Amino acid sequence: MSARSWTTEQRQCIEARGGTVLVSAAAGSGKTAVLVQRVIDILTDRQNPVDANRILVVTFSNAAAEEMRRRIAQKLAERIAENPQDEWLRTQQLLLPRARISTIHSLCANLVRTHFEKLGLPGEMRIADDAELNVLLNETVSDV
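What you see is a predicted model, and the numbers here were worked out from it, not measured in a lab.

For the rest of this paragraph, the subject is the pairing of strand E1 (residues 56-59). Going residue by residue along E1, you find Val-57 and Thr-59 tucked away on one face and Leu-56 and Val-58 left uncovered on the opposite face. By the bridge criterion, four bridges tie E1 to strand E2 (residues 100-103) in an arrangement that is parallel. What sits directly across from Thr-59, in E2, is Thr-103.

Right, dumping it as structure tokens:
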């Protein structure tokens, strides 16, 4: 377990099992730290094992998703340094790049790309970048 002191609400988010957990709090309140600890606890639970590639974490920004992935990888590396012979931890470290830690936009885009035929959409669908969105916005405003 982490040496950090958690609030009651944070501990509830970390320890909740058996369903989906939504963590919503103000900036700087420790959401990322709570979610990282939750993922680490799940990945290191030997009684109810979950492989890292079966984890789904949805954030609102690419920066948050990358920070989450980096912190989880760092915590796993720390656990491996403490237990270098632990094959389970090493396996989790190898599977972590395949964990779904992304924005909601990326998750939805992946689902659409995977199931485009069922949705009746063209297969070459992609997410527009900010410059393209600005052009479309300007064109739409001009049309209106």
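Attention now moves to the packing of helix H1 (residues 8-15) against helix H2 (residues 31-43). One way to put it is that H1 packs onto H2 with a least axis distance of 8 Å and a crossing angle of 35°. The two elements H1 and H2 meet at a crossing, and its hand is right-handed. Note on element contacts: H2 touches H1 through Val-34, Gln-37, Arg-38 and Asp-41, opposite Gln-10, Arg-11, Cys-13, Ile-14 and Glu-15. Looking at the contact of H1 with H2 residue by residue, the classes come out as three nonpolar, two polar and four charged.

Enumeration according to the criterion identifies four salt bridges in this entry. Across the pair Arg-46 and Asp-86 runs a salt bridge, and its minimum N-O distance is 2.5 Å. With Arg-46 in the loop between H2 and E1 and Asp-86 in the loop between helix H3 (62-82) and helix H4 (87-95), the pair connects residues that are 40 residues apart, well separated along the chain. The exposure class assigned to Arg-46 is partly exposed, which follows from its relative accessible area of 46%. Exposure remark for Asp-86: the relative accessible area of 17% places this residue in the buried category. Between Arg-71 and Glu-67 there is a salt bridge, with its nearest N and O atoms 2.7 Å apart. Of this pair, Arg-71 and Glu-67 both sit in helix H3, four residues apart, roughly one helical turn. With a relative accessible area of 29%, Arg-71 lands in the partly exposed category. Residues joined by salt bridges that share partners form a network here, namely Glu-67, Arg-70 and Arg-71.

Cut-offs used in this document
Here the residue index of a chain counts from 1 through its sequence in written order. Note on the predicted model: pLDDT of at least 70 is required for a residue's local features to be given, and 80 or more for side-chain atom pairs to be given and counted; whole-chain, interface and lining totals, by contrast, use all residues. Note that water and hydrogens are dropped before the side-chain values are worked out from all heavy atoms of the structure. Exposure classes here rest on a 1.4 Å probe applied to the protein chains alone. A residue is buried below 20% of its type maximum, exposed above 50%, and partly exposed in between. Segments assigned H or I by DSSP are reported as helices when at least four residues long, segments assigned E as strands when at least two residues long, and all are numbered from the N terminus. Strands pair, by our definition, only if DSSP identifies at least two bridges between them. Here, axes are lines fitted to C-alpha atoms. For helices the fit covers the stretch in contact, and angles between N-to-C directions go from 0 to 180 degrees. Crossing handedness: left-handed means the near helix sits turned counterclockwise from the far one by under a right angle, and right-handed means the same turn made clockwise. Only heavy atoms matter for contacts: two residues are in contact if any of them lie within 4.5 Å across the pair. Classification used: nonpolar for Ala, Val, Leu, Ile, Met, Phe, Trp, Tyr, Cys and Pro, charged for Asp, Glu, Lys and Arg, polar for all others including Gly. Salt bridges are identified by distance alone: a Lys or Arg side-chain nitrogen within 4 Å of an Asp or Glu carboxyl oxygen.

Keep in mind these numbers describe shape, not what the thing actually does.
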